[in-house]
Amino acid sequence: MHGTPKLTPEILLRAYAEGLFPMAERRGDPTLYWVSPEKRGIIPLDTFHVPHRLARTMRSGRFTVTADQCFADVMAACAAPAPGREETWINDEILRLYIALHAGGRAHSIECWQDGALVGGLYGVRLGAAFFGESMFSRARDASKVALVALVDALKRGGFTLLDTQFLTSHLARFGAVEIPRDQYLMKLANALGREAIWPFF
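Residues numbered from 1 in each chain as written. Predicted model: local features only at pLDDT ≥ 70, side-chain atom pairs only at ≥ 80, totals over all residues. Heavy atoms only, no water.

### Concerning the nonpolar core
In terms of nonpolar packing, the biggest core is built from 69 residues, with Ile90, Tyr98, Tyr123, Leu148 and Leu151 touching the most fellow members. With nine residues, helix H5 (residues 143-158) is the largest single contributor of residues to this core. Those residues within four positions of Leu151 in sequence are excluded, and the remaining contacts are Ile110, Leu122, Phe131, Leu163 and Trp199. (Core = buried A, V, L, I, M, F, W, Y, C linked by side-chain atoms within 4.5 Å. Buried < 20%, exposed > 50% of the residue type's maximum accessible area, 1.4 Å probe, protein only. Helix = DSSP H or I, 4+ residues; strand = E, 2+ residues; numbered from the N terminus. Contact = heavy atoms within 4.5 Å.)

### Here's the deal with the pattern of salt bridges
Under the counting rule described, the total for this entry stands at five salt bridges. We note a salt bridge from Asp153 to Arg157, for which the minimum N-O separation is 3.0 Å. Taken as a pair, Asp153 and Arg157 lie in helix H5 at a separation of four residues, close to a single helical turn. The class of Asp153 is partly exposed, set by a relative accessible area of 40%. It is possible to trace a salt-bridge network through shared partners that takes in Arg53, Asp142 and Lys145. (Salt bridge = Lys/Arg side-chain N within 4 Å of Asp/Glu carboxyl O.)

### Re the sheet that holds strand S7 (residues 130-138)
Taken in spatial order, the seven strands make up an open sheet running S4-S5-S6-S7-S8-S3-S9, and their pairing is mixed. Both edges of this open sheet fall to strand S4 (64-67) and strand S9 (178-181), since each of them pairs with a single strand only. Shown here is a sheet whose adjacent strand axes are inclined to one another by a mean of 35°, direction ignored. Of the pairings in the sheet, the one linking strand S5 (residues 107-114) to strand S6 (residues 117-127) comprises eight bridges and is antiparallel in character. Opposite Cys112, over in S6, you have Gly120 as the bridge partner. (Pairing = 2+ DSSP bridges. Axes fitted to C-alpha atoms, helices over the stretch in contact; angles between N-to-C directions.)

### Some thoughts on the environment of Thr8
By the secondary structure assignment, Thr8 is in the segment before helix H1 (9-17). Separated by 31 residues in the primary sequence, Thr8 and Lys39 have C-alpha atoms spaced 27 Å apart.

### Examining the packing of aromatic side chains
In the structure shown here, the tally under the stated rule is seven aromatic pairs. Their ring planes at 85° and their centres at 5.8 Å tell us that Phe21 and Phe167 sit as a pair that is edge-to-face. Taken as a pair, Phe21 in strand S1 (residues 21-23) and Phe167 in the loop between strand S8 (162-166) and helix H6 (170-173) lie far apart in primary sequence, 146 residues in all. The rings of Phe71, Tyr98 and Tyr123 are connected pair by pair, giving a single aromatic cluster. Positioned over the ring face of Tyr185 is Arg40, at 4.1 Å from the centre of the ring. Against the face of Phe201 rests Arg157, its NZ or CZ located 5.7 Å from the ring centre. (Phe/Tyr/Trp six-rings, centres within 6.5 Å; stacked < 30°, edge-to-face > 60°. Lys NZ or Arg CZ within 6 Å of the ring centre and 35° of its normal.)

### A short note on the side chain of Glu134
Position of Glu134 among the secondary structure elements: in strand S7. Within the buried core, Glu134 has no salt-bridge partner, and the shortest N-O distance to an opposite charge, that of Arg40, equals 7.2 Å. Side-chain polar atoms of Glu134 contact the side chain of Tyr16, separated by 2.4 Å. Every residue in contact with Glu134, bar those within four places of it in the chain, is listed here: Tyr16, Trp89, Tyr98, Tyr123, Gly124 and Gln166. (Lys, Arg positive; Asp, Glu negative; His and termini not counted. Polar contact = N/O pair within 3.5 Å; in protein donor to acceptor, adjacent residues only side chain to side chain.)

Written as structure tokens, this is what we have:
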């Protein structure tokens, strides 16, 4: 990691193209750092796994899923303290940058609604045929998981080839996420950046 001067959306996109992404140490720290993990988490789209119980939840219609309806609200929810996650790496500068990326059509959100309330979602960045998942939140059981399933379905329909999760967690591993070395990730990234994909929500 290393410090960086004030970023612009354009610099941020160039960094993603080189395998970097920014983080803050905590919510109140204005400093951002570039991160390039030695082991990168990805979800191979062709082997994405939906657990049986979650598949039943998807079929039940318990949640309504939308895209890009309230990007800033999704980011704010991802940054909010939650049980077991009292601190966050999403600071005001991160919020500013990604909201600007969204305004430029490069960052997107998936929202899950229940009885008219926003109860889960995720957001990330699109570049070429790569999607860089940034964060997710859940205020109702399975809401963020439903958002992830909807995202993967959209990426497959749009012709994406890479879903970057940055790090591997036990939660994501249940869906087929794996860790790969940085050099292998950079090859997959270069391949994805050389392709075109369509964000299928309009």
